[in-house]
Amino acid sequence: SSRTMSLLSQLEKINLDSVLGEADNARYVTSKILHLVQSQEKTRKEMTSKGSTGIEVILSTLEVKPFNLCSYGYIASFRFITGLCGGRRASVLVTKGGTQILLQLLLTASKDSPPNEELMVLLHTLLAKIGPKDKKIGMKARINGALNISLNLVKQNLQNHKLILPCLQVLRVYSTNSVNAVSLGKNGVVELMFKIIGPFTKKNTSLMKVALDTLAALLKSKTNARRAVDRGYVQVLLTIYVDWHRHDSRHRYMLIRKGVLQCIKSVTNIKLGRKAFIDANGMKILYNTSQECLAVRTLDPLVNTSSLIMRKCFPKNRLPLPTIKSAFRFQLPVIPSSGPVAQLYNLPPDVDDVVDESDDNDDTETESELETENDDDKDQHFKNDDIETDINKLKPRQELGRPIEELKIYEQFFPELSENFQEYDLVSKEPKPFVPDANLSGPIVVPTAGEE
């Protein structure tokens, strides 16, 4: 009955007709809907209310083949959905199949030479908004072949911050999948991120923050972390952190500084990263910067993250410690002249005498394992060998506190505990043998005290 519903009905009819001449009419109707959505909150609620088909009609419009992707009708549709995306509305778009449609349109739009910049910005903005609501968006992007589209756009438009910002946001969403992170790392995404976060500058700090978050997600992959260590990027990260620490005197860019620490934290998850951190004098750098941050309460997240990194990277030693590393010295009574103990005492002060057994192997997670992870948890029931199922073994064993020979002295006080039952003669007070009646059938019942 409303103006919006009338326009949606017209648009739905145009989609069903699929006539080439209706493209102009579809652009006109879509632009009218966009105007109503942007100007009236009532229209936005009406479009996303329960039972409304507004989202389905717009998504079906995006799938109509005769329309040109660069036409105003498509761009108006994207702007409409972008305005609606947020919180619950983004979840509704995911449930309606919006992720698959947007990825397919991204793949189609990337084939144009050159791609429409406004369309690419809107598409990536939408994917960045609905990505956290769709747990399988990384797998869908990889299957559709849309994984490297955003990466190529960033490579070709490093100076176009308006375009690469939403592209980096999408890459950050993709990188939460370990298979995607490894695939992007092989295509040079780690090196690309260091070009963006480059030398210190307070321009485009929002882009810097997104790039650091993306890099931290990528470095959680051991393959990417090793690649960063091999290229000397641990020293680069420490230099960037020190630069921001010195220039951010008013502490306005704490999130950027924390983003750098998160990257260092991710790369030090492997043994090579921890060694590179020690060799780059990272322990002293983080300790000194943390001391300077203690006076400002709002910088506690930086101190906490720095403490975690230092605790993780500090060399481990066994007790007793013969070096100055420990505040306490435990001297052995007798130190043998040879053997493993003597070898420990003869080690130089800076040697880490505890073997680091962290897993530095290549990533072993495969795509199929990630995609079927949830299904396997539901369908497969693994037998736990540590759980005992034998009831007899579960019963507690009753053991006597004394040997059986010592307990025999108490038999005279508890005759009922022995099997030699005897009947007493009430006249002579002497025990006489108990002879059961031959005519009795069934069990013999011995009366207890108090029974007649």
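Residues numbered from 1 in each chain as written. Predicted model: local features only at pLDDT ≥ 70, side-chain atom pairs only at ≥ 80, totals over all residues. Heavy atoms only, no water.

By the naming in an unreviewed UniProt entry, the chain is CBPC1 carboxypeptidase, taken from Glareola pratincola.

**Q** Got a minute to help me understand the overall build of the chain in this structure?
**A** In terms of regular secondary structure, the chain is built from 25 helices and 2 strands. Residue burial in the chain is summarised as follows: out of 452 residues, 38% are buried. When contacts within the chain are restricted to residue pairs at least 6 apart in sequence, long-range pairs at least 24 apart make up 71% of them. As displayed, the chain has an accessible area near 28100 Å², and 52% of this comes from carbon and sulfur atoms. (Helix = DSSP H or I, 4+ residues; strand = E, 2+ residues; numbered from the N terminus. Buried < 20%, exposed > 50% of the residue type's maximum accessible area, 1.4 Å probe, protein only. Contact = heavy atoms within 4.5 Å. Areas by Shrake-Rupley, 256 points an atom, 1.4 Å probe, with all protein chains shown as cover.)

**Q** Looking at this structure, how should I read helix α20 (residues 300-313)?
**A** Helical periodicity: at 3.6 residues per turn, an α-helix aligns residues three or four positions apart in one direction. For α20, with 14 residues, the first-to-last C-alpha span of 20 Å sits near the 20 Å given by 1.5 Å per residue. For α20, every residue scored as buried is listed here: L302, V303, T305, S306, I309, M310 and C313. Buried residues of α20, viewed axially, fall in a sector of 170°; they line one side. On its buried face, α20 is in contact with α16 (233-247), α17 (254-267), α18 (271-279) and α19 (282-293). (Expected span 1.5 Å × (residues − 1). Arc of directions from axis to C-beta.)

**Q** Just checking my understanding: could you explain unusual backbone geometry for this structure?
**A** A negative phi angle is the norm for most residues apart from glycine, just as the trans form is the norm for most peptide bonds. Phi at N204 takes a positive value of approximately 55°, unusual for a residue other than glycine. Mapped onto the secondary structure, N204 falls in the loop between α13 (189-197) and α14 (205-218). Positive phi, close to 65°, is recorded for N281, a residue that is not glycine. As for its placement among the helices and strands, N281 is situated in the loop between α18 and α19. Relative accessible area serves as the criterion here: at 39%, N281 is assigned to the partly exposed category.

**Q** I'm lost on the packing of aromatic side chains in this one. Help?
**A** In this description, an aromatic ring pair is defined by two values, namely the gap between the centres and the angle between the planes. Per the counting criterion, the structure on display carries 2 aromatic pairs. Each ring, one from W244 and one from Y253, has its centre 5.6 Å from the other, and the planes form 65°; the classification is edge-to-face. (Phe/Tyr/Trp six-rings, centres within 6.5 Å; stacked < 30°, edge-to-face > 60°.)

**Q** Sorry, what's going on with the pattern of salt bridges here?
**A** One side chain can pair with another of opposite charge once the charged atoms of both are near each other. For the structure on display, the rule yields 7 salt bridges. With its nearest N and O atoms 2.9 Å apart, the salt bridge here joins D134 to K140. A residue is classified by how much of its surface remains accessible, and K140, at 22% relative accessible area, is partly exposed. Each of R172, K209 and D213 takes part in one network of salt bridges that share partners. (Salt bridge = Lys/Arg side-chain N within 4 Å of Asp/Glu carboxyl O.)

**Q** Which parts of the structure should I look at to understand the side chain of T268?
**A** With respect to the helices and strands, the residue T268 is situated in the loop between α17 and α18. Under the relative-accessibility criterion, T268 is labelled buried at 0%. At 2.8 Å, the side chain of T268 forms a polar contact with the backbone oxygen of I264. Discounting residues that sit within four places of it in the chain, T268 has contacts with G273, R274, F277, I309, K312 and C313. (Polar contact = N/O pair within 3.5 Å; in protein donor to acceptor, adjacent residues only side chain to side chain.)

**Q** Even after reading the chapter, I still don't get a nonpolar patch on the surface, so can you show me in this structure?
**A** On the surface, I409, Y410, F413 and F414 cluster together into a nonpolar patch covering about 440 Å² of accessible area. Here I409 shows up in the loop between α25 (404-407) and β1 (423-424). (Patch = residues over 30% accessible without salt bridge, like charges linked within 9 Å, V, L, I, M, F, W, Y side chains within 5 Å.)

**Q** Explain the side chain of S266 to me, please; I cannot follow it from the model alone.
**A** Counting through the fold element by element, S266 comes out in helix α17. Beyond its immediate chain neighbours, meaning those up to four positions away, S266 contacts A216, L219 and K220.

**Q** Can you walk me through the packing of helix α8 (residues 117-130) against helix α11 (residues 161-174) in this structure?
**A** Each pair of packed helices can be described by the angle between their axes along with the distance between the axes. Packing of α8 against α11 brings their axes to within 8 Å, and their N-to-C directions diverge by 30°. The way α8 lies across α11 gives a crossing that is left-handed. Two secondary-structure elements touch here, α8 through E117, M120, V121, H124, T125, L127 and A128 and α11 through K162, L163, P166, C167, Q169, V170, V173 and Y174. Of the residues that constitute the contact of α8 with α11, the class distribution is 10 nonpolar, 3 polar and 2 charged. (Axes fitted to C-alpha atoms, helices over the stretch in contact; angles between N-to-C directions. Left-handed = near helix turned anticlockwise from the far one by under 90°. Nonpolar A, V, L, I, M, F, W, Y, C, P; charged D, E, K, R; others polar.)

**Q** Is there a simple way to think about the nonpolar core in this case?
**A** Generally speaking, nonpolar side chains in soluble globular proteins are found buried as a group. Formed by 86 residues in total, the largest nonpolar core has its most connected members in L168, Y174, I197, L215 and F277. Not counting chain neighbours up to four residues away, the residues in contact with L215 comprise V190, M193, F194, I197, L237 and C263. Listed in part, the 11 residues of the second largest apolar core include L7, I14, A26 and L36. (Core = buried A, V, L, I, M, F, W, Y, C linked by side-chain atoms within 4.5 Å.)

**Q** Would you mind showing me how to read the environment of S9 here?
**A** Secondary-structure assignment places S9 in helix α1 (residues 3-17). According to the relative accessible area criterion, S9 is partly exposed, its value standing at 46%.

**Q** Can you walk me through the confidence of the model for the chain in this structure?
**A** Detailed conclusions should not be drawn from predicted coordinates in areas where pLDDT is low. Looking at the chain as a whole, its pLDDT mean stands at 75, while 65% of the residues score no less than 70. Counting interchain partners and residues more than four positions distant, the pLDDT-below-50 stretch residues 360-386 has 24 contacts. (pLDDT = per-residue confidence, 0-100.)

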